[in-house]
Amino acid sequence: MKPEDDELDADLKRVLSHDPGEGYFRDFASRVTDRIAADARAEAARAEAARTPWWRGLLSSPRALAAVGGVAVVAVAAGIAFNVMRHPADALRTAGLRGRAPAEAEAPAAGAVARETSPGTPALFAGRAARGRDAGPGVGCPRRRGAHDHGCWTRRTGAHAGGARRRVGRRRAGAERARTSACANA
Amino acid sequence: MNPEPQRISRAPSEDETGLVRAAQSGDAKAFAEIVLRYQRAVYRVAYALTRNATDADDLAQETFVRAWGAIGRFELGQPMYPWLSRIVTNLAFSLFRGRKRRPETPLEPLLESGRQWGIHDDPADHAARSEHDAKLQAAFAGLSPEHQAILALRAVDDQSYEEIAQTLGIPVGTVMSRLSRARAELKKHLGGHTGETP
């Protein structure tokens, strides 16, 4: 080793050395042990998280829970939409729709019969009369005997109508009767 | 021929072997004793490699945290310090790679040299030495991390060739040749900074 190398090393030692002071080293070991303890706690938490089932993580935070709920809603809505598109007849499950479907199917034939049997009826009223919406007495609101004798069973829904519907039915029946007799007189 | 540089004894004693054994069985107090023994040496190497007090503090603490994590794999009867020195050197290399740049020129040595100012100092000599130190630092910063490490271990930490070989995981012959190349490169950089020929 050359003397100039010794000199260079001495210069390097002076330049690259730094004394942080006695206070720095006094609590250095405690800082290291604190850091080790913190690392151990973090590692234990990671291990605990790895042990728990993945779905528990989804339920642990409100945000994850909301996301899961949103996905579930979308999935259910998509399932319903798919089912309705694939089986359209099933969509008519409600009582009203089920009651209307046969009436709509019978409408053209009944109209033809009405035109044939009562030539005096204006064409404007023939379809409505055939559908029975504003039909005369004994047609639109058939009387039923027994416990429901006092009531009126609507043709459209099959449900039992109250007093208000009965009054409307009577008014319409009266008006229709007047129109029919006017046509007959003419 | 210059003899081996003066250095502290790093051969494992009975006491140290007992501490390592206790630490391996999970005794945190025994490990704290090991930290107390080697904290200055580890900080010295960390500072020489980073030339930054904050980085050196981080590096020194991280060295002991890693040592605690790997103490179970440490071979009993082996000297502890080369192992710690190797950890701190590898961590410094990782730091350099992570930052993709060389360490910055620090402020602390300049402050240290300012504190050394005395009434008997010649202002001209002091100014010349400060200027020389700044150039030496700049020249050292221009070296590759491997050359910086080998010079720091040799010049600052006074490690022998064998200890450097253990620390860096290279043969002793490679240590000698690399040290020679590092010195030559440093002189070349120093010549470039001073305008002199090396």
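Check the entry above for the structure.
Per chain, residue numbering runs from 1 following the sequence as it is written. The order in which chains are written sets their letters, starting at A; the order in which ligands are written sets their numbers, starting at 1. At least 70 in pLDDT is required for a residue's local features to be given in this predicted model, at least 80 for side-chain atom pairs to be given and counted, and no such filter applies to totals for whole chains, interfaces and linings, which use all residues. As a rule here, side-chain values come from all non-hydrogen atoms in the structure, and water together with hydrogens is ignored.

A.B. asks: Is there a simple way to explain the overall build of chain A in this structure?
C.D. replies: Helix and strand content of chain A: 8 helices and 2 strands. Helix and strand definitions follow DSSP, with helices as H or I runs of at least four residues and strands as E runs of at least two, each counted in order from the N terminus. Seen in sequence order, chain A has helices and strands lined up from the N terminus as α-α-α-α-α-α-α-β-β-α. The burial tally for chain A puts 16% of its 186 residues in the buried class. Note on areas: these come from Shrake-Rupley sampling with a 1.4 Å probe, and a residue is covered only by the protein chains present in the view. Of the roughly 13400 Å² that chain A leaves accessible, carbon and sulfur atoms contribute 60%. Think of it in three bands: residues with accessible area under 20% of the maximum for their type are buried, residues over 50% are exposed, and the middle band is partly exposed, with areas taken using a 1.4 Å probe on protein chains only.

A.B. asks: How do you make sense of the interface of chain B and chain A when you look at a structure like this?
C.D. replies: Reports often express the size of an interface as the amount of accessible area lost when the parts come together. Note on contacts: a residue pair is in contact if any heavy atoms of the two residues lie within 4.5 Å. Of the residues lining the interface, 39 residues belong to chain B; the matching set on chain A comes to 27 residues. Reported buried area values correspond to the accessible surface (1.4 Å probe) lost by two parts on association, with both partners' losses combined. For chain B, the biggest contributors to the area lost against chain A are Arg-40, Gln-61 and Arg-183 of chain B; these three give 17% of the whole. By salt bridge we mean one thing: a side-chain nitrogen of Lys or Arg within 4 Å of a carboxyl oxygen of Asp or Glu. Counting across the interface, chain B meets chain A through 7 salt bridges. Among the salt bridges present, the one from Glu-22 of chain A reaches Arg-40 of chain B, with a minimum N-O distance of 2.6 Å. Polar contact is the term for a pair of N or O atoms within 3.5 Å; when the atoms are in protein, one must be able to donate a hydrogen and the other to accept it, and sequence-neighboring residues count only if both atoms are side-chain atoms. The tally of links from chain B across to chain A stands at 12 residue pairs in polar contact (both at pLDDT 80 or more).

A.B. asks: In this structure, what is going on with the packing of aromatic side chains? I would like to understand it.
C.D. replies: Here the distance between the centres and the angle between the planes together describe a pair of aromatic rings. All names here are of chain A. Aromatic pairs are defined between Phe, Tyr and Trp rings, using the six-membered ring for Trp, whenever the two ring centres lie within 6.5 Å; interplanar angles under 30 degrees are classed as stacked, those over 60 as edge-to-face, and all others as tilted. One pass over the full model with this rule turns up 9 aromatic pairs over all chains. Ring centres of Tyr-24 and Phe-28 lie 5.7 Å apart, and the angle between their planes is 50°; on these two criteria the pair is classed as tilted. Overall, Tyr-24 belongs to the buried group, its relative accessible area being 16%. Relative accessible area serves as the criterion here: at 0%, Phe-28 is assigned to the buried category.

A.B. asks: Help me understand unusual backbone geometry, please; the structure alone is not making it clear to me.
C.D. replies: Phi is mostly negative for residues that are not glycine, and the peptide bonds are mostly trans. Residue and element names in this part refer to chain B. Here Arg-51, not a glycine, exhibits a phi torsion of approximately 55°, which is positive. By secondary structure assignment, the location of Arg-51 is in the loop between helix H2 (28–50) and helix H3 (53–70). By relative accessible area, which is 1% here, Arg-51 ends up buried. In this model, Asp-158 sits at a positive phi of 55°, which is unusual for a non-glycine residue. Structurally, Asp-158 can be placed in the loop between helix H7 (145–156) and helix H8 (161–168). Here Asp-158 falls in the buried class, since its relative accessible area comes to 14%.

A.B. asks: It is not clear to me how the nonpolar core should be interpreted in this structure. Could you clarify?
C.D. replies: In a soluble, globular protein the nonpolar side chains are often hidden away together inside. All names here are of chain B. Within the largest apolar cluster, 67 residues are counted, with the highest numbers of intra-cluster contacts made by Phe-31, Phe-64, Met-80, Trp-83 and Leu-186. Of the residues forming this core, the biggest block, 13 residues, is contributed by H2. Setting aside residues no more than four positions away along its own chain, Met-80 makes contact with Glu-16, Val-20, Ile-34, Tyr-38, Ile-71 and Phe-74. Think of a nonpolar core as a cluster: buried Ala, Val, Leu, Ile, Met, Phe, Trp, Tyr and Cys residues, connected wherever their side-chain atoms sit within 4.5 Å.

A.B. asks: Help me understand the packing of H2 of chain B against H3 of chain B, please; the structure alone is not making it clear to me.
C.D. replies: Two quantities define a packed helix pair, namely the angle between the axes and the distance from one axis to the other. Residues and elements named next belong to chain B. For every element, the axis is a line fit to its C-alpha atoms; helices are fit only across the contacting stretch, and the angle between N-to-C directions ranges from 0 to 180 degrees. Where H2 contacts H3, the axes come no closer than 8 Å and their chain directions differ by 140°. With respect to H3, the element H2 is oriented oblique. Where H2 crosses over H3, the handedness of that crossing is right-handed. Each of Ala-28, Phe-31, Val-35, Tyr-38, Gln-39, Val-42, Tyr-43, Ala-46, Tyr-47 and Thr-50 in H2 lies in contact with H3, whose residues at this interface are Ala-53, Asp-55, Ala-56, Asp-57, Leu-59, Ala-60, Thr-63, Phe-64, Ala-67 and Trp-68. Only Asp, Glu, Lys and Arg are considered charged, only Ala, Val, Leu, Ile, Met, Phe, Trp, Tyr, Cys and Pro nonpolar, and every remaining residue, Gly among them, polar. Here the contact of H2 with H3 is built from residues that sort into 15 nonpolar, 3 polar and 2 charged. Our angle categories are set so that under 35 degrees counts as roughly parallel, over 145 as roughly antiparallel, 65 to 115 as roughly perpendicular, and the remainder as oblique. For any pair of crossing helices, the crossing counts as left-handed if the nearer helix is rotated counterclockwise from the farther one by less than a right angle, and right-handed if it is rotated clockwise.

A.B. asks: Sorry if this is basic, but what is going on with a nonpolar patch on the surface here?
C.D. replies: Residues and elements named next belong to chain A. A surface patch of nonpolar side chains, about 630 Å² in accessible area, is lined by Trp-54, Trp-55, Leu-58, Leu-59, Leu-65 and Val-68. For the nonpolar patch, the secondary structure elements donating two or more residues are helix H4 (54–60) and helix H5 (62–86). Sort the elements by how many residues they give to the nonpolar patch and H4 lands first, with 4 residues. Along the chain, Leu-58 falls in helix H4. Residue Leu-58 is classed as partly exposed on the basis of its relative accessible area of 33%. Candidates for patches are residues over 30% relative accessible area with no salt bridge; among them, like charges are joined within 9 Å and nonpolar side chains (Val, Leu, Ile, Met, Phe, Trp, Tyr) within 5 Å.

A.B. asks: Whenever I open this one, the environment of Arg-37 of chain B confuses me. Can you help?
C.D. replies: All names here are of chain B. Tracing the sequence through the fold places Arg-37 in helix H2. A sequence separation of 44 residues divides Arg-37 from Tyr-81, and the C-alpha atoms of the two residues are 9.7 Å apart. Leave out the neighbours within four places in its chain, and Arg-37 touches Ser-13, Asp-15, Glu-16 and Leu-19.

Any link to function would need more than the numbers given here.
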